[in-house]
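Next come the chains, spelled out residue by residue.
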Amino acid sequence: MQFIDITYKVTTKGMTSSSEKSILNGISGSAYPGELLALMGPSGSGKTTLLNVLGGRFDQQNIGGLVSYNDKPYSKHLKTRIGFVTQEDVLFPHLTVIETLTYTARLRLPKTLTKQEKEQRAVSMIQELGLERCQGTMIGGSFVRGVSGGERKRVSIGIEIMTNPSLLLLDEPTSSLDSTTALKIVQMLQSIAKAGKTVVTTIHQPSSRLFHRFDKLVVLSRGSLLYFGKASEAMSYFSSIGCSPLLAMNPAEFLLDLANGNMNDISIPSALKEKMKMENSCSEIRSSKPTPTIVYEYLEEAYKTQISVVEKKKLMAPVPLDEEVKLMITCPKREWGLSWWEQYCLLSLRGIKERRHDYFSWLRVTQVLSTAIILGLLWWQSDIHHPKGLQDQVGLLFFIAVFWGFFPVFTAIFTFPQEIAMLSKERESNMYRLSAYFVARTTSDLPLDLILPVLFLVVVYFMAGLRLSAESFFLSVLTVFLCIVAAQGLGLAIGASLMDLKKATTLASVTVMTFMLAGGYFVKKVPNFIAWIRFMSFNYHTYKLLVKVQYQEIMENVNGEEIGSGIKEVSALVAMIIGYRLLAYLSLRRMKLHSST
Ligand SMILES: Nc1ncnc2c1ncn2[C@@H]1O[C@H](COP(=O)(O)OP(=O)(O)OP(=O)(O)O)[C@@H](O)[C@H]1O
């Protein structure tokens, strides 16, 4: 991989105007198979930005210069040959280490391998990563205790190297790890590079033991290049331009001091002294040290005149690649590791395993049961032959339509925004079809969604003395089930199209309230110009169906009224079930990848 004169600009929007901000200013360098390149620099110097540019993860229109992989520009097909480990580990907290790697192996490895061979690869990956002792432990997260930070990072690396990528990019893999664990991670990266891969990692503050393991180095400061070359030659380069440590120092610390413009314990070159003199003569405050700005300017200039021209010439020259390397970097056409159905089954199973703890939540069961009992007691054996009995019962039916239209919307809203980081990462590496994920994610919770309303209706139906016939009971359950699935659809669509929980819950509460008001109970005579809103309300259709199921016979026999079979309402609910889900799916398709990574 070579990168020449890379620039990256973003447009920042202020209160009144927008301005362009330059994040990278002409960065050049290279990393070849067998090499471990470290991107170093103080916080905010542009390391992560450069890494993302190199991984093809930013919009090409904001990037200037050229990044080439085996002399070719970035293309979508390259995705499968590049592994990207983000700074935050994006893993399912409730899956164990072995489960995480096995699912990845089964989804990512090619179809030509059998299930056993893929599982075997996951087991050997555990050995390679030295994770034998914690393979049965959950990954863990903010609310669950799990494996250690170093082990989690190794799992993230394992996921990326599973498919044997030619280029591995890592963002701060050692941040927040102790020095021994950090060393282990870097040793691992070194051995991956030695096996013929190209490895690029950003690193914040390496110890000297880590520093000596890097083959090449990019030192950045405020988006500009201060050094690119062999790590072992960095110190001699800086002393050749007059900057040497005045006492024994970790080379990484020395480089970071320079990149921060801090010249304490570092010799000041004569050119800088001249600049200082000029600055001191113009200012009233006399300083014995150069200001960071003149240090940056000096170092940028020195790099441009001393190395940049020679390095760029080298980069422009074609790279001789041996046959083995060429073979490794040819990009195979995208091919799924499993068929659609297998992906669906595996993703459903993984989803159920990940959510096994929430799946049968006693809190949810208690909430539904207690509401059912309270309703049952309030409407205890209601009698429709009593003057107010019928009105009371209709009120109960309306409440049921509202209750089962309310909760599913708010639980479904979380589905996609919560998994966006994972979805983005896995889709980026072509792990599965979006449709398989979507169907798996939206159907794996259905069994529970059916159990709860049945439980609810058993209690309410018989306590409140609703119409005693098996047919009416099952039709009521079916109606509530249709209502739940339609309401979930709305929640999924809102969540997927906004991908922001605050906005989504606000929109959902307004929508749900409107649907409830238009549900046919509070207001009967709605003006024509707004009457259409009723037909969009699942509460309205559910309520009408529940009323029909209870009183159809009475109304037809006693009043001679023709009230229809309910086909219209069922069709409206089915149309919502399909329509909202389609909207959610299309919103996910349109979603920009790595928006949250
Ligand atoms: N989309 C953006 N809009 C505005 N500024 C941005 C954007 N992306 C990055 N920056 C700015 O660019 C600079 C470089 O950011 P970057 O994340 O690459 O730094 P870094 O060297 O990786 O820092 P750290 O070590 O703290 O992660 C920072 O000042 C950051 O605020």
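Residues numbered from 1 in each chain as written. Predicted model: local features only at pLDDT ≥ 70, side-chain atom pairs only at ≥ 80, totals over all residues. Heavy atoms only, no water.

- Looking at an unreviewed UniProt entry, the protein carries the name ABC transporter G family member 27-like isoform X1, with the source organism given as Camelina sativa.
- Under the UniProt heading Subcellular location (unreviewed entry), the entry covering the protein gives this text: "Membrane". (UniProt positions renumbered as here; feature names shortened; annotations may be inferred.)

### Side note on the overall build of the protein
Thought 1: The secondary structure content of the protein amounts to 23 helices and 10 strands.
Thought 2: In terms of overall dimensions, the protein is more spread out than a globule: its C-alpha atoms have a radius of gyration of 32 Å, far above the 25 Å expected for 597 residues.
Thought 3: Dimensions of the protein, computed from the C-alpha atoms along their principal axes, are close to 105 × 65 × 40 Å.
Thought 4: Of all 597 residues assigned to the protein, the portion counted as buried reaches 51%.
Thought 5: Partitioning the contacts of the protein with sequence separation of at least 6, the portion at a separation of at least 24 is 73%.
Thought 6: On the protein, roughly 29,100 Å² of surface is accessible, and the fraction owed to carbon and sulfur atoms is 59%.
Thought 7: Across the protein, the centroid of the 63 positively charged side chains sits 2 Å from that of the 50 negatively charged ones. (Helix = DSSP H or I, 4+ residues; strand = E, 2+ residues; numbered from the N terminus. Rg over C-alpha atoms; globule rule 2.2 N^0.38 Å. Buried < 20%, exposed > 50% of the residue type's maximum accessible area, 1.4 Å probe, protein only. Contact = heavy atoms within 4.5 Å. Areas by Shrake-Rupley, 256 points an atom, 1.4 Å probe, with all protein chains shown as cover. Lys, Arg positive; Asp, Glu negative; His and termini not counted. Charge placed at Lys NZ, Arg CZ, Asp CG, Glu CD.)

### Concerning the UniProt feature "transmembrane region" (unreviewed entry) in the protein
Thought 1: In the numbering adopted here, UniProt assigns the feature "transmembrane region" (unreviewed entry) to residues 359–382, 394–416, 450–468, 474–494 and 506–523.
Thought 2: End C-alpha to end C-alpha, residues 394–416 measures 36 Å, and it is 91% helix and 0% strand.
Thought 3: For residues 506–523, the end-to-end C-alpha separation is 24 Å, with 67% helix and 0% strand making up the annotated structure.

### Comments concerning the pairing of strand β6 (residues 82–85)
Thought 1: Taking every second residue as pointing to the same face, both faces of β6 are buried, with Ile82 and Phe84 on one and Gly83 and Val85 on the other.
Thought 2: The pairing of β6 with strand β7 (residues 167–170) spans 4 bridges and is parallel. The residue bridging Val85 from the neighbouring strand is Leu170, located in β7. (Pairing = 2+ DSSP bridges.)

### Details of the packing of aromatic side chains
Thought 1: As enumerated under the stated definition, the model contains 30 aromatic pairs in all.
Thought 2: Centroid distance Phe438 to Tyr585: 5.5 Å. Interplanar angle 65°. Geometry classified as edge-to-face. With Phe438 in helix α17 (residues 434–443) and Tyr585 in helix α23 (residues 567–590), this pair connects stretches of sequence that are 147 residues apart.
Thought 3: Residue class for Tyr585 comes out buried when judged on its relative accessible area of 18%.
Thought 4: Ring geometry for Phe535 and Tyr540: centres 6.0 Å apart, planes at 85°, overall edge-to-face.
Thought 5: For Tyr540, a relative accessible area of 9% puts it in the buried group.
Thought 6: For the cation-ring pair, Arg57 lies above Phe84, with the distance from its terminal atom to the ring centre recorded as 4.0 Å. (Phe/Tyr/Trp six-rings, centres within 6.5 Å; stacked < 30°, edge-to-face > 60°. Lys NZ or Arg CZ within 6 Å of the ring centre and 35° of its normal.)

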